[in-house]
Amino acid sequence: MKYKLADRVERIQPSFTLQMATVAAEMKSKGIDVINFSVGEPDFNTPSHIIDAGKEAMDKGYTKYTAGPGMIEFREAICEKLERENGIVYKKDNILVSNGEKQSLSTACQALFEKGDKVIVFKPYWVSFPEFIRLADAEPLLINTISEKNFEPDFEDLMSKNLDDVKGLILNSPSNPTGGIWSADALIKLLQMAKEKKWVVISDECYERLVYEGEFISTEKINRDHEINATVLTCLSLSKTYAMTGWRIGYSAGPVKIIKAMSKIQGQATSCANSIGQKAGIKALQGNQECVTVMRAAFKKRRNLIVSLLNNLPGIICAMPGGAFYAFPNFSEYLGRTANGKLLKDTFDISGYILESAKVVTVPGDGFGAPGHIRFSYATDSKTIKEGIDRVRLALKNII
Ligand SMILES: Cc1ncc(COP(=O)(O)O)c(C=O)c1O
């Protein structure tokens, strides 16, 4: 071999959820009648007024590089949105626009963490969090959550750990993969610890508008209302709220020092976020929000349907998720049993068996640090949900 790849390639895992989506796409392309519960994006198209704004942007010549941190008018629209919807006042210098929130989060880790640092991640976690941290040469410190309490942090587990080298934490509420929403009390406790220990709190709030009961409250709003004064970086996305996953527009809001540092890194990595997406993003944030209400109502209906169908499966327990579009049932009952002569030792095996025998794609919880659970995305129509869960029921019957 003439060359060697950098060690960091070995250090990280490929995006596991993207792999499952690829499996589903390949099966479909072979003409297999597959049902896909692995998708992490709304099945709706981007609302037409936002698409029109994108077309208009191209017609009017917004096809060039923009200011590195994002178009001024987009950052101002973001500030208005944050004040109106989240009750947090920021100026445009507190905002950095990125090519999707994934880039925001990854750049934040690059700007804040380095070799020798530990960063707290709560299990079950979104698959990319530990990898963002490893790419920054730091180390994730995994902390348990309590499934009976909406997967809120297990503070006993947190306190039992050596926290000496911890520099920050990443939280995600509503959560991918659990759909759990943390209470204000849990966030206050965590923010107080963060303040005391000088941890930077990265709050991933990409599912903020997909909350089915009650009101969503931003971590930074709680931080300010309770005068805790922890350092919080809020990361947000247009992907899930406006069905804009392919437009790649996300943003961060936080202290100018962090935003400037991230902007410096991002400027060298990618110059700026996509100009057409930024123009469409202005329309998304300033335009009619009815589309968000309509999509949320559809997701809520599907959530109620899939959770009730899953709970009707023998041996399966599924908590009612408060937000996002994922159900996260517990399949532990089937661990250690056999299907088609093969031992089901973990959820990779159970998901693999369901895929093989029922042609239903799910995401094994072991990939999210949650053995026993399997993630079902309900970003798909009710008919598909019914048929998919029916197929799972038949597959489970053959597990002995
Ligand atoms: C928890 C979480 N955070 C961030 C993202 C990234 O969203 P995007 O890069 O599309 O803005 C996703 C996408 O699946 C997610 O599930």
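Residues numbered from 1 in each chain as written. Predicted model: local features only at pLDDT ≥ 70, side-chain atom pairs only at ≥ 80, totals over all residues. Heavy atoms only, no water.

Caption draft 1: Summary view of the sheet that holds strand β11 (residues 326–327). The strand order across the open sheet formed by three strands is β11-β16-β15, and the pairing between neighbours is antiparallel. Only two strands of the sheet have a single partner each, and these edge strands are β11 and β15 (363–364). Where β11 and strand β16 (residues 374–377) come together, two bridges link them in antiparallel fashion. The residue of β16 that forms the bridge with Ala 327 is Phe 376. (Pairing = 2+ DSSP bridges. Helix = DSSP H or I, 4+ residues; strand = E, 2+ residues; numbered from the N terminus.)

Caption draft 2: Inspection of the packing of helix α12 (residues 290–311) against helix α14 (residues 382–397) at higher detail. Between α12 and α14, the least distance of the axes is 10 Å, while the angle of their chain directions is 10 degrees. As the angle between them shows, α12 and α14 are arranged roughly parallel. Contacts between α12 and α14 involve Arg 302, Leu 305, Ile 306, Leu 309 and Leu 310 from the former and Ser 382, Ile 385, Lys 386 and Ile 389 from the latter. The class makeup of the residues in the contact of α12 with α14 is six nonpolar, one polar and two charged. (Axes fitted to C-alpha atoms, helices over the stretch in contact; angles between N-to-C directions. Parallel < 35°, antiparallel > 145°, perpendicular 65-115°, else oblique. Contact = heavy atoms within 4.5 Å. Nonpolar A, V, L, I, M, F, W, Y, C, P; charged D, E, K, R; others polar.)

Caption draft 3: The arrangement of the site of the ligand in detail. Taken together, 14 residues lie near the ligand, and Glu 101, Asp 204, Ser 237, Ser 239 and Lys 240 sit nearest. Here an oxygen atom of the ligand sits 2.8 Å away from a polar atom, N or O, in the side chain of Asn 176. Here an oxygen atom of the ligand and a side-chain polar atom of Ser 239 are 2.6 Å apart. Contact with the protein chains hides 93% of the accessible area of the ligand, taken as 390 Å² for the molecule alone. The greatest single-element share of the shell around the ligand, amounting to three residues, is contributed by helix α5 (residues 101–112). In terms of residue class, the shell around the ligand is made up of four nonpolar, five polar and five charged. (Near = heavy atom within 4 Å. Polar contact = N/O pair within 3.5 Å; in protein donor to acceptor, adjacent residues only side chain to side chain. Areas by Shrake-Rupley, 256 points an atom, 1.4 Å probe, with all protein chains shown as cover.)

Caption draft 4: Region of the structure containing the nonpolar core. Counting residues in each nonpolar core, the largest one holds 65 residues, and the members touching the most others are Phe 74, Leu 238, Tyr 242, Ile 306, Phe 331 and Phe 376. Top contributing element to this core by residue count: α12, with eight residues. Once you skip the residues sitting within four places of it in the chain, Leu 238 turns out to touch Phe 74, Ala 243, Met 244, Ile 249, Tyr 251, Gly 281, Ala 284 and Leu 285. Grouped together as the second largest cluster of nonpolar side chains are 36 residues, Ala 24, Cys 109, Tyr 125 and Cys 235 included. (Core = buried A, V, L, I, M, F, W, Y, C linked by side-chain atoms within 4.5 Å. Buried < 20%, exposed > 50% of the residue type's maximum accessible area, 1.4 Å probe, protein only.)

Caption draft 5: Geometry of unusual backbone geometry. Note the cis peptide between Lys 123 and Pro 124, where omega equals -10 degrees. With respect to the helices, strands and loops of the structure, Pro 124 is situated in the loop between β3 (118–122) and α6 (128–135). Following Asn 176, the chain continues into Pro 177 via a peptide bond in cis, with omega recorded as 25 degrees. Of note, Pro 177 is situated in the loop between β7 (166–172) and α8 (184–197). The phi torsion at Phe 151 lies on the positive side, around 60 degrees, for a residue other than glycine. Topologically, Phe 151 is positioned in the loop between β5 (145–146) and β6 (152–153). Residue classification places Phe 151 among the buried residues on the basis of a relative accessible area of 12%. The phi torsion at Arg 248 lies on the positive side, around 60 degrees, for a residue other than glycine.

Caption draft 6: Spatial organisation of the packing of α5 against helix α10 (residues 256–270). At their nearest, the axes of α5 and α10 sit 9 Å apart, and the two run at 110 degrees to each other. Of the possible angle classes, the one that applies to α5 and α10 is roughly perpendicular. Judged by the sense of rotation from one axis to the other, the crossing of α5 with α10 is right-handed. Facing α5, whose interface residues are Gln 103, Ser 104, Thr 107, Ala 108, Gln 110, Ala 111 and Leu 112, α10 presents Ile 258, Ala 261, Met 262, Ile 265, Gln 266 and Thr 270. (Left-handed = near helix turned anticlockwise from the far one by under 90°.)

Caption draft 7: Representation of the pairing of β7 within the structure. Along β7, six of the seven residues are buried, which leaves the element largely enclosed by surrounding structure. The sheet contact formed by β3 and β7 spans four bridges and is parallel. Within β7, the position partnered with Val 121 by the bridge is Ile 170. Pairing between β7 and strand β8 (residues 200–204): five bridges, direction parallel. Paired with Asn 172 across the bridge in β8 is Asp 204. Assessed by its sense of winding, the connection that carries the chain from β7 through α8 to β8 is right-handed. (Right-handed = clockwise from strand over helix to strand, strands pointing away.)

Caption draft 8: How the structure looks around helix α13 (residues 347–358). In this model, α13 (twelve residues) spans 15 Å end to end at C-alpha, consistent with the 16 Å of a helix rising 1.5 Å per residue. Of all the positions in α13, only Thr 347, Asp 349, Ile 350, Ser 351, Tyr 353, Ile 354, Leu 355 and Ala 358 are classed as buried. Where α13 begins, the side chain of Asp 346 points an oxygen toward the backbone nitrogen of Phe 348, at a separation of 3.1 Å. Directly beyond the C-terminal end of α13, a positive phi value near 55 degrees is found at Lys 359. (Expected span 1.5 Å × (residues − 1).)

Caption draft 9: Just the pairing of β3, in detail. Where burial is concerned, most of β3 is hidden: five out of the five residues are buried. Along β3, one buried face is formed by Lys 118, Ile 120 and Phe 122 and the opposite face, lined by Val 119 and Val 121, is buried too. Across five bridges, the pairing between β3 and strand β4 (residues 139–143) is parallel. Its bridge partner being in β4, Phe 122 is matched across the sheet by Ile 143. Following the backbone out of β3, through α6 and into the adjacent parallel β4, one traces a crossover that is right-handed.

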